[in-house]
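Summary of structural features
Listed below are the residues making up each chain.
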Amino acid sequence: MTRMRASLLIAVVSLVAAACSSAGAAPKWTFPPAQAQEAAAFQSPAAQPGGEILGLIEITAADLSFSPSAVTVALAGAYTVKLTNTGAIQHNITFADGTSAVADPGQTASVTVHVPGGGLMFSCSIPGHAQAGMTGSITVGTMPMGSTMPGMPGASSAPTTATPSADPNAPAYVLRDATAPAVLPGTVHDVDLPIIEKDITVAKGFVVHAWTFGGTVPGPVIRVHLGDTVRVHLTNQGTMSHSIDFHASQTAMNHQMVEIKPGETFTYTFTADYAGVWMYHCGTAPALHHIANGMFGMVIVEPKGGLPEVDNEFAFVQSEWYLGAQGEPADYSKASSGAPAPDFVVFNGIANQYKDNPIQVTTKGRVRVFVLDAGPSIDSSYHVVGTIFDQVIKEGVALLRGNAGGWGAQAVDLSPAQGAIIEFSPREDGMYPFVTHAFNFVVRGAIGIFMAGDGDPLN
Ligand SMILES: [Cu+2]
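Since we're looking at a predicted model, the values are computed, not measured. (Residues numbered from 1 in each chain as written. Predicted model: local features only at pLDDT ≥ 70, side-chain atom pairs only at ≥ 80, totals over all residues.)

1. Section: the overall build of the chain
Going by this rule: Every helix listed is a DSSP run of H or I at least four residues long, and every strand listed is a run of E at least two residues long, numbered separately from the N terminus. Here contacts are defined at the residue level, using C-beta atoms placed from the backbone and a cut-off of 7 Å between them.
What the chain contains, in helices and strands, is 7 helices and 28 strands. Expressed as a percentage of contacts within the chain between residues at least 6 apart in sequence, the contacts between residues at least 24 apart total 75%.

Given below as structure tokens:
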């Protein structure tokens, strides 16, 4: 446990470091780092014909870097590569010729690799890790000017800026029911939340190989009473490690936000100590990539005494998609840009789904909306055209209906990982679009429509 805790702390530091260093080309330093000098000092005695092992190359994998990442050997030939993983999650070292070794946290793994005269590049092939900085190279002697090493397929650190074209043959999206679920009965809840990696159509013509809680993006809404006990049973049915972090809980990061490897199960237990609209998400490095690829959801904790009944209740999670190629996970380079430019900003995972399929509400009734901004990086300014919010409870701060001053609200500002409960009443039959009032994102999918009555104010 001690080692796990230390590794997780390292992971946090590494995450920050990776976020700071992943943009743009690798910096060029005047002086080589000490470890590279040590590696460069490694000399084999002579060329060894017949495939004899020329020496040992030791490389450490952390979250999310290799050290050293630049290794120089004197001669081409076979070497034993020993990978030591000091990180909190699984990593591998995969060479351009396909040779690979996998090491779990705290473990080592060795593999024999043939280094050709032109050198060899390597990376960690777990999605997002190479883009976050886990790349390196073995150079033989002094390479001639202008020479290049064989590239790493699928592991380029160059940002992917292109958005794929809409594929007319992509499956139709599956409409997400925006109706808020009822509060779970009882005071102790067992919630099954399988981790599933699957293709999801996120807009007409665009498919992402998403990582999900429960097979949907966002994951299911979990709604409980204040003080309830929630036991979430996770089973990792995917191909890579994941984890979960419930913002509604109070627990040490290195206690319950632990790595869940493929095939493993884990139960995350918390008590709902505070009311509100809370985020949950995968925290596995790079967390930015895991959130950008769909691993988030909403927890609603009702206040003491519960919420009064209203006519209509909905739950919306705003988030961003940074598209890679069709059928691939979200593009980490795009998601980690200093000025992120998402291809789509969406409510409940799919661009324009509630514009295509307006949501029925009751004219003159009370509408309650639970809104969460899951990001990973962009704010929401949630607004419903043609209405005024007469009650807003945002992050524990309340604008209450019938307040003495007659105050109201037009839009609710939510930064990533903030949530609110919003109430309003449509005055007449008609269409009431809901948007983030950052309008560049409205044209990228962040729009839906409430339809009151028959949608026609004039009949
Ligand atoms: Cu994950």
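Once you've had a look at it, read on.
2. What to know about the environment of Ser69
Note the cut-off: Exposure classification rests on a simple neighbour count of other C-beta atoms within 10 Å of a residue's own: a residue reaching 20 or more is buried, one at 12 or fewer is exposed, and one in between is partly exposed. C-beta atoms are placed from the backbone.
Tracing the chain through its elements places Ser69 in the loop between β2 (65-67) and β3 (70-73). Residue Ser69 is classed as partly exposed on the basis of its 19 C-beta neighbours within 10 Å. Sequence separation between Ser69 and Met134 is 65 residues; the distance between their C-alpha atoms is 8.1 Å. If near-sequence neighbours (up to four positions away) are discounted, Ser69 is found in contact with Thr135 and Gly136.

3. Some remarks on the confidence of the model for the chain
Short version of the rule: Confidence scores labelled pLDDT are given residue by residue by the predictor and lie between 0 and 100.
Overall, the predicted model of the chain reaches an average pLDDT of 88, with 85% of residues at or above 70. In the model, residues 36-49 has pLDDT below 50 throughout and makes 19 contacts with residues more than four positions away in sequence or in other chains.

4. Quick look at the sheet that holds β2
As a reminder of what qualifies: Strands qualify as paired when DSSP identifies two bridges or more between them. Geometry is summarised by axes, namely lines fitted to C-alpha atoms with helices restricted to the contacting stretch, and by angles between N-to-C directions that run from 0 to 180 degrees.
Strand order in the open sheet formed by 4 strands is β2-β1-β4-β7, and the pairing between neighbours is mixed. Single-partner strands in this sheet number two, and they are β2 and β7 (108-115). Direction aside, neighbouring strands of the sheet carry axes that sit 30° apart on average. Sheet topology places strand β4 (residues 77-85) next to β7; 8 bridges connect them, and they run antiparallel. Of the residues in β7, the one forming a bridge with Thr80 is Thr112.

5. What about the nonpolar core?
Worth spelling out the cut-off: The term nonpolar core means buried Ala, Val, Leu, Ile, Met, Phe, Trp, Tyr and Cys residues held together as one set by C-beta atoms within 7 Å. Residue ranges for the domains originate in an automatic or database domain assignment.
Grouped together as the largest cluster of nonpolar side chains are 119 residues, with contacts concentrated most on Val202, Val371 and Ile422. Mapping this core onto the domain boundaries places at least three of its residues in each of domain 1 (2-140) and domain 2 (188-452). When residues no more than four places from it in sequence are discounted, the contact partners of Ile422 are Val369, Val371, Tyr382, Phe389, Val392 and Val412.

6. Points about the environment of Ala285
Within the element layout of this structure, Ala285 appears in the loop between β16 (276-281) and α4 (287-292). Here Ala285 falls in the buried class, since 28 other C-beta atoms lie within 10 Å of it. A C-alpha to C-alpha distance of 8.6 Å links Ala285 and His242, two positions 43 residues apart in sequence.

7. Details of the sheet that holds strand β20 (residues 359-361)
Reading across from one edge, β20-β28-β27-β22-β25 is the order of the 5 strands in this open sheet, with mixed pairing throughout. This sheet does not close on itself; its edge strands, each paired only once, are β20 and β25 (412-414). Sheet twist, expressed as the average angle between the axes of neighbouring strands with direction ignored, equals 25°. Two strands pair when backbone bridges link them, and strand β27 (residues 430-436) and strand β28 (residues 447-452) are joined in this way by 6 bridges, in the antiparallel orientation. From the neighbouring strand, Pro433 faces β28, where its bridge partner is Ile449.

8. Re unusual backbone geometry
The omega angle of the peptide bond from Ser67 to Pro68 is -10°, so this bond is cis rather than trans. You can see Pro68 is positioned in the loop between β2 and β3. Of note, the amide linkage connecting Val217 to Pro218 takes the cis form, showing an omega dihedral of -5°. Its location among the elements puts Pro218 in the loop between β11 (206-213) and β12 (222-225). Even without being glycine, Lys364 reaches a positive phi, approximately 65°. Topologically, Lys364 is positioned in the loop between β20 and β21 (367-375).

9. Re the pairing of strand β19 (residues 344-347)
For a regular strand, side-chain orientation follows a simple rule: the groups alternate between the two sheet faces. Every second residue of β19 is oriented toward a common face, with Phe344 and Val346 on one face and Val345 and Phe347 on the other, all of them buried. Bridge count between strand β18 (residues 312-321) and β19: 4 bridges; the pairing is antiparallel. By the bridge assignment for β19, Trp321 is matched with Phe344.

10. Topic: the environment of Leu400
Here Leu400 lies in the loop between β24 (397-399) and β25. Put simply, Leu400 and Phe389 are 11 residues apart on the chain and 9.8 Å apart in space, counted from C-alpha to C-alpha.

11. A few points about the pairing of β4
The pairing of strand β1 (residues 53-62) with β4 spans 7 bridges and is classified as parallel. Paired with Glu58 across the strands is Lys82, a residue of β4.

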